[in-house]
Each structure stands twice: as C-alpha cells, then as structure tokens.
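Geometric and topological summary
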Amino acid sequence: MSLAALTLHEAGEKLRSRELSSVELTEAVFQHIAETDDKIRAYITLAKDAALEQARRADQQLMRNEITSPLLGIPLALKDNFLTCGLRTTCASKILGDFIPPYDATTVQKLRHAGAVISGKTNLDEFAMGSSAENSAFFPTRNPWNLQRIPGGSSGGSAAAVAADQCIAALGTDTGGSIRQPAACCGVVGLKPTYGRVSRYGIIAFASSMDQVGPLTKDVRDCAMLLEAIAGQDPADSTSVNRPVPRYTEALTGDVRGIRLGIPREYFVAGIQPEVEQAVRAAIRQLEKNGAVVEEISLPHTEFAVAVYYIVATAEASSNLARYDGMRFGHRAQAKDLTDTYMISRDEGFGAEVKRRIMFGTYALSAGYYDAYYLKAQRVRALIKHDFDEAFKRCDVIVTPTAPTTAFKIGEKTEDPLQMYLSDIYTISINLAGLPALSLPCGFDPDEMPIGMQIIGKHFDESTILRVAHGYEQATQWHKKKPKMEDR
Amino acid sequence: MKITREEVQRVALLARLRLTPEEESQLTEQLDHILGYMEKLDELDTSNVEPFSHAVDAVNAVREDIVTNRPNADALLANAPDRDATYFKVPKIIE
Amino acid sequence: MNYETVIGLEVHAQLLTESKIFCGCSTEFGREPNHNTCPVCAGFPGVLPVLNKKVVEFAIKAGLATHCEIARSSVLARKNYFYPDLPKGYQISQYELPICTGGYLDLELNGAAKRVRLTRIHMEEDAGKNIHDAHGDASLVDLNRAGVPLLEIVSEPELRTAAEAGAYLRTLRTILQYLGICDGNMEEGSFRCDANVSVRPEGSETLGTKIEIKNLNSFKAVERAIEFEVERQIATLAEGGKLIQQTRLWDENREETRSMRSKESAHDYRYFPDPDLLPLVIDSQWINEVRAELPELPAARRGRLMSQYSLSDYDADLLTSRKDVADYFEAALKTHANPKILSNWIVGDLFRVLKERRLDEQFYIERWPIPAQHLAEMVQLIDQGKISGRIAKSVFEAMLDSGKAPWQIVSERGLEQVSDIGSIESAIDQVLAANAKQVAQFKSGNDKVFGFLVGQVMKATQGRANPKKVNELLREKLNAGV
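Read on for an overview of the structure. This is a predicted model, so every value here is computed, not measured.

Criteria and thresholds
- Residues numbered from 1 in each chain as written.
- Chains lettered and ligands numbered in written order.
- Predicted model: local features only at pLDDT ≥ 70, side-chain atom pairs only at ≥ 80, totals over all residues.
- Helix = DSSP H or I, 4+ residues; strand = E, 2+ residues; numbered from the N terminus.
- Rg over C-alpha atoms; globule rule 2.2 N^0.38 Å.
- Buried ≥ 20, exposed ≤ 12 C-beta atoms within 10 Å, placed from the backbone.
- Contact = placed C-beta atoms within 7 Å.
- Pairing = 2+ DSSP bridges.
- Nonpolar A, V, L, I, M, F, W, Y, C, P; charged D, E, K, R; others polar.

Let us now look at the overall build of chain A. Each helix and strand counted, chain A has 15 helices and 11 strands in total. Relative to the compact-globule value of 23 Å for 488 residues, chain A shows a C-alpha radius of gyration of 21 Å, a close match. In terms of its C-alpha atoms, chain A occupies a principal-axis envelope of roughly 65 × 55 × 50 Å. Put simply, chain A has 488 residues, and 67% of those count as buried. Put simply, of all contacts in chain A between residues at least 6 apart along the chain, 77% involve residues at least 24 apart.

Let us now look at the sheet that holds strand S11 (residues 138–142) of chain C. Backbone-to-backbone hydrogen bonds join strands into a sheet, with any given pair of strands oriented parallel or antiparallel. A sheet is described by the order of its strands in space; here 4 strands give the open sequence S2(B)-S3(B)-S11(C)-S10(C), paired in antiparallel fashion. Each of the sheet's edge strands pairs with one partner strand only, and the pair in question is strand S2 (83–84) of chain B together with strand S10 (129–132) of chain C. Relative to S11(C), strand S3 (residues 87–91) of chain B is paired through 4 bridges, and the arrangement is antiparallel. Opposite B:Lys89, over in S11(C), you have C:Leu140 as the bridge partner.

Moving on, we come to the interface of chain C and chain B. When the parts come together, some accessible area is lost, and that loss is often what is quoted as the size of the interface. Each side of the interface is counted separately: chain C has 38 residues, and chain B has 32 residues. Mapped by element, the contributors of at least two residues to the side of chain C that touches chain B are strand S2 (51–52), helix H1 (53–65), S11 and strand S18 (280–281) of chain C. It is S11(C) that provides the largest number of residues to the side of chain C that touches chain B, a total of 5 residues. In terms of residue class, the side of chain C that touches chain B is made up of 18 nonpolar, 11 polar and 9 charged.

Further remarks concern the interface of chain A and chain B. The partner chain B presents 38 residues to the 49 residues of chain A that form the contact. Looking at the side of chain A that touches chain B, the elements with two or more residues in it are helix H9 (305–320), helix H10 (338–349), helix H11 (352–365), helix H12 (371–391) and helix H13 (417–422) of chain A. Of the residues contributing to the side of chain A that touches chain B, the split by class is 27 nonpolar, 11 polar and 11 charged.

It is worth spelling out the sheet that holds strand S17 (residues 272–273) of chain C at this point. Residue and element names in this part refer to chain C. One open sheet accounts for 3 strands, arranged S6-S5-S17; its pairing is antiparallel. Since the sheet does not close on itself, it has two edges, and those belong to strand S6 (90–93) and S17, each with one partner. Sheet topology note: the strand S5 (residues 77–80)/S17 ladder contains 2 bridges and is antiparallel. Paired with alanine 77 across the strands is proline 273, a residue of S17.

All names here are of chain A. Of the consecutive residues glycine 153 and serine 154, the connecting peptide bond is found in the cis state with omega at 5°. Looking at the element boundaries, serine 154 is found in the loop between strand S3 (117–122) and helix H5 (156–163). With a phi close to 60°, asparagine 65 is a non-glycine residue in the positive phi region. Along the chain, the position of asparagine 65 falls in the loop between helix H3 (48–63) and strand S2 (75–79). Judged by C-beta crowding, with 8 C-beta atoms within 10 Å, asparagine 65 ranks as exposed. For glutamate 448, which is not a glycine, the phi torsion comes out positive at approximately 65°.

As structure tokens, then:
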C-alpha cells in the first residue's frame, strides 16, 4: 500500500515516531498523483518543489521533537479558491488569468504555521458555482469510483484527491453543499462547520453569508483534527465568531447512547434514489442499535430552500464578483473603451454558469425587484432557520441523506440549470441557517457508487456531530474501501 | 413571460457582461424558467417575518484606529494588466 | 411669475482618522500612488472589511453636535456600480439604516437666524483617484484614497438662497473642525459639496425638477453655481422650456453649469446590507462616552467669549470661526488679559499673515508664526507703556517665525519707549530750537503745525518717545511761551 493511502492520524503517528519522514511521505503522495491524475484530474496546480521544501523544514522540526501541531509534515490539498501567497490561484476561472496572490488566506497561514505541506490547488466548479466540478473553466474532475461520473461539486477536486489518496487530507469550501455533496459522491468525510467557526479571509467569496471552509478527509478522526487546526476567530473576518475551539478529537468517544436523532420527513420523499434511502435508513438503525434514539421531526419549509438559496446566494455573488473587472489583476480584453473593456473581459473570463448566476443575482437586487425577490427570500430564510431552531428542541442532531442520488454521469445534467439546482435540496437549508453538518459514507449503490449520510448539528456543536459520525463509522467498514479508478 | 429580452439587456449592462444575441435569447429563456420556479415563495405569507439579516448573532465587530499596514505598491501591482510607475493603468475614463 | 429657490446640500467630509475605514492602511495625504493600499482597500479577491471604531465615534460626535438622533441599530450596505476608482465594484456605505437622522444647524445670516434641518448623516468609504495619462489614451488609478472614511451629511431642501447655502457650509465646516473630525478643506477635497437645486412658483408646495450640481471646489463656487443655476432654470421655464432631472458640472473657468455626458439614465445601485459586516448597535453608554468628549461647540464658545470678555458680535464671530483661532485667543489671554487689543491683533495682523501664507484654510495651530504667549506679552508691553502701538508693529514683524519673545526683540533693537521726562524735554528743546519758523506759526494761531513738531520730536527720538508724553510736554513748552 502506498504511503499516500495513510490517514492523517496514521501518518502523524509515523512521522512523530520517525518511522517515516515528511519528505518520504510527500514524495509518495506526488508519485501517486503522477500515476493517477491523468485519469482523475483533481489538481489544477501542483506545487511539488515548494512542498518538498516545506517537508524538509517539517522533518527538521520533527527531528528536534518540536511537534507544534498534529499537521506537522502532512501533505494537504487546497481547493483553488483559497488564496495562497506566491502560488497561482485560479478559482477554476479564466478571469483570474495567471493571478499570483500577494498574500495567504488566514486558514492557509494557520496550516503553514502548523508545518503542514501544501501539495497543490484542486479543481472546482468555477467560483464554486456548481455541484459537479463540470463548470471548471479548465477540465472536469472525474470520480475515482467511476471515471465517467462526476466527483460532485463544487469541491470536486478536493474530494476526488482525498478519495484517490492524492493527498492525506484536503480543505474545501461549502456554500450550498459544496463540501458535503462531493464527499458523498466520492465516499469520503466532509464537514461544513458552523458559519463563523472558521475564517473566510482569503477565500474567494461566492455567497458571503453562507461560505464556510471545511475539511475533506478519509475518516472522522482526521476531520476532527483538521477542524481543530483551522477553527477560531480571525480579526480580519468580522463574521468569524469569538468562541473557544473545543478539542474536537475528544468528542470521538464512539458513545451515541441517548443521542436523539431527528429524522425530517421532508427529506425522505419521492425523487430520492431507492438505494440512497435504504442505506441511510440502515445507518440510522445501526445508530439505534448502539443506543441512539430516533425522533421524527418536520422541517416544513424545506421545499422553499432552493428558491431562497438561489436568490440570496446569486445576489451576494453578483456583488462579490464585480471586482473581477480586468482593471487591477486578471484577464483584460483589448477593447475600444472602458465600458467595452469591462464587458468583454468579463464575458471572456466568466463561464456560462457564472454569468447566469451573476445575471440572476443582479436582477434580484435591481430596482423594482429587490422586495419581491431578495427581501422575500431573506424572510423565507428566517422561516427556514426557525424550522431548525424548533426541531433542535427535540433532537441533538438531524440525520438525512446528503444527496438524493449517487454521482451522476458527466454531462448528464448540464442542459437544465434548474435540475442541477434541485439536486442540492438536502444540503442547502443548512447553509441558509448557518448550521454545521457533516457527510460520511454509509453504503454503496448497485453500481458501486458511494452513498453519503448527512449529520446536521446545532450551532457550534460540531462535537456532537463528530461523536455520532465516529460512532457510526467505527461500527462499519465503508471508510476502508478504496476506489478502483476505472471507467465503468 | 416574466422577463423580457430588454430586461436581460439592461441587467447585462448593469453587470457589465457582453452577451451575444444567442446568449441573450438563451438567458432570457433560462432566467424566465428560473423566475417561474421562484414564484413558489409567493405561497408563503411573510408579512410578519423579519428578514434574516446576519448569520451570526454578534454585533459591533470593530477594530482600533491604528495603522497596521506597510506600503507595498509593487506587490499590489504585480498582477496588474497594465501599469505606469505605481499607478494602475486602465482604459481612458471619460467624465 | 415669481420663483422660489429650493436648495439641498450633500456634504462629504473626510475624517481625520489615522487609518482607513475598513483596513489598517494609513490615511496620510500625499504619499506616492498606491503606497497607502493593501489587498483590502484595493478590492483583491478574498478580502474582507473590518470597521474602524473611530469612524463610528466621529459619526456619533457629528450627530450629537447637530442634534441628531443616533440610531440604536445601524447597518452598512453595498452600493454597486462599476468604475476604476471603485476597486470592489461597490462602495460600502449606509442606506436604509444610517447612523444619524434628524438633526439641524442654526445659521446666522445678516443678523437673522435660520434653522436648517438635516435628513441624515452616514458613514461610507471614499473612492480612489483617477488622473489622465500624459499621452491621453489611458487613465491612471491611484487607490491611496480608496477606503478613507467619509461622513455624508445631507440637509433637508430648506435653503432658499445661495448666501444661505454658503452660511450653511461655513457653519457645518466649523462644527466639524471644532469636533476635530475633519479639517474642512474644500480646495484639497477633505470637505466636498454637491448642491441640489430646483425652482418653483412662489407659494407652491410641490418641488420643481431637482438638478444636481457637482465639481464645486470652494464656498464661492457653491454660491456662484447656485446663482447661475437658479437663473438658468428660471429662464428655461420662462421660455416655456422643460427641465430634466440631471447632474450638471460647475465649470469654474466659464462660470456656468453644464450637463454631464449622459451616463446610464438612472443609477440602479442595488443596495443591500453588506453580509461581510455585522450590524452596529450603539447603546446609551457608548453615546454618553462620546458626548463626554465633545468640545465646546462654536455657538456656545462664541456666546461665552462675548459675555466673558465683553467682545462684540463681530469680533466674537471672527475669533470663533475656527477652533484653533479661539484656542489661540484664550491661550494668549492666560498670559495677558486684554481681550479687545489681543482680538484686534489676531483678526487684523495675524489673520493677514496667515492669509498671505495660505494658512487661512488650514487649522494647524503649530504652524502659526507667533506663539500665543508672545503675542500676549507684546500687548502687555504696550499696556505697560514700554512700547507704543506703532513700535509694536515692528516688533510683530520681527517676531514672525523668529521664535523670539517680544522683550528680546525690544531690547536687541533698543526699541523701548522713551518715557522719562528729561530725555523727552531735551529732544523737544532741540526741535523747538531748530524749527523757529514753525514755532512762530504755532504762536500766531496755526494749530496744525503742532503735528509737524510732534513728528520732528518722534524723529529725533527714533520713534521711541512716548507719544502721549511728547504731546503733553510739547504743548506745555509751547504754551509757556518763550
């Protein structure tokens, strides 16, 4: 087995016991990338030289036994919407051109400070807008479980890289499900923390009131470790919250006795793939066997979530993406005057989905429509959040499928944007309410495509989510299965 | 139709996006379709609901009035499509 | 038909904070282009704003000084439009929930008092600067100014004449200077004004077509532009023409307003609350803390100076027109309490010097050429009879920039007034002896020649003789006869 297949906690132990060096580990990871990325295309940019330099420094620290963090010497991949100083950042778009950021995102600074090794930048749907990584301006990433299928999105590259052992763990971002859904598609663990738990500074903004940074990992323990390393208030991010960061690894007791699992009836309706429902219900029964208690709950405004999300998120995005104008960085078209320069640069630089969302968001905010769309959506959003507040009076976590289907074929849903939006139905409400949620594997369908179960928690209660997830994981073997990386 | 081609053109100008005539047609259709779906929200009576305004409960995130940044015009201009000394050079702005 | 003018003024005041409103860049003026910038104020990918607490405090101060209601909860909002000096493609400002509402300014114009209400005061960020490239085919953008904090102060359309508008601006500017939040320099752009002007038939309640005038770079420009625009609007209507709502630029050279190149017909700014910033909740404790820091405001100080020092309206006005002038005056009084004479020297000679040096629009008291204490000491010397008023003029000139105390100058140059009878008498005797003809003229009833003789005595004593004593003794001697 390649060293690249190690989990974060396994690799960390071996590094600290000096059984393994960071340079060896990093080289193994890059070797494995070289062998597999032709097929998977998870990475946009590889940073091998810099990574080896970081690995050497980590080894020096390890030799001096200066273990400042469990991430010391561990190769991690970053979604390409994280700004990395000196390393090209594209957001999977042409509009950034060859942009090389002059600064690091706060989260990236934390990783560097911890001595982690950054293997490279992974593919995504352009500007994080999409659920399949097909909207990347460069190339689609392929699902390691079946190369004809999508890896999910928008953090498709990070999820695929983790599943294919092209990194020990990765970071992604989640605005409407973009960590959880690809985690489900690729059979890995993905967590969206509570809004405000992790700094957004230096993450290319999509929907400012929903974006969150989170880990994609091979198992739940890795997820807890990575979350612990990145959580915390950042003075550069006004929306990051001043709350102490718990030792999330201490939540991994495996004890789910007495934990109330809320099962929302609106998430188990027509349209869900039968095997997905079966797998999730079986997982719930497994948890009950171990002492958890099931509560039927209702989230009555679920059916409005997609509409709310696509108004609010696109409105915020239309404003956030105005800075990509060809004036100070990125692609600038040759044009006859200023207005044309704006219009053509942005036309040439943005892909179809991004343009569609900018148009829609601009419309929703424009004079005459603001009340009917944006304001209305924000009111319904308050109702959706209220649903969760009520539900959480009767349960500790909420359990649902992560997505209504397993990963579909590349190209299957690109015709009808609305169809694509509707596949986000299970993940979107969580972002609207700012809640934490995790996806982990709970089975496979007859085509051997992974099925994901979503565990939603109360605000800032990632610990309970991790406890339940860990408890389930340890009672199963799904996380030990590895993809074959073939066409089928 | 919930949205006309003229509206799409107006919005495209507001958003500084050049659209080909085919894109205009396509977008008009797609946005119209999406707006139709959005009508779902009208099913709900929200007259007594305060709009969701901020995702965190906190208020007053402020900083002290101290200069913390060190000038580095070159770093900032390094990615500029065009520059003149330490200015960003852009197409002529006509008042 | 008689028309009534309706004027509303929108002022943008640049705030005197150390750092910008949303990032830690310096607000210092005059740095090389783009040296006071960072990824945040340059609108780079991934950046986020963090509000400068001092900007909020300054806004509260401005609101309290103008009797506004300070909003318990206010929100920062995005105003979206594309322009190269607006790096994010939106300006962070305030829309529905500004920090201050209501409020008023009390003006005095030609002895009459007028109260002008304010609509609102809100916080926002400034944009960068565009300049034209030397070759003419491009523009150059400097973002040093992007992110500098501004207060936008909007008046109700209650001004009725250009002169009222001028008075409003001067009153507002003085208040902001007193508060120490803005230096009020229109020429340098730290205090900007746009005027909204319309006309309507006298007695009508409905507002006419509102036309906005921009590019006003001085108080005079505001007044002249309003006058021009009012005439233009009335003339247009009188000819049966229609007025369209538009923005016009004031052309300083041609002294006229002209229509701006047509931009998008109506600006659709798509305001919405900025999701990157949290709501601002201002409780009474915060307000009281700021209130406790308020200085004595211009009107109050003026009233106090008048009653405390028996100054006239006119003098008190001039002395309180700027806080640094009032501070200087009261500092001088601490050394020597002759308010009337001190006041004359300040508003006469010192103001003249400041104007010559173009310091009259800036309020940096450290740059004044004579310390308050020295000016006071000089007046003290006059009052003690040590120098005459005329000699004082030369002492004043010599004090400018030299840093020397008046006593020093007087003794270095031997300017001390001669008051001892003996010296004066001997000078008088000399003059009388040398000017027998004029003495005879005086004796025969020509009183005018007295002045000439006084002049000669002053000349003989290098101007140092105490004029009063000279007068006295000369008359004595002449009347005593020969």
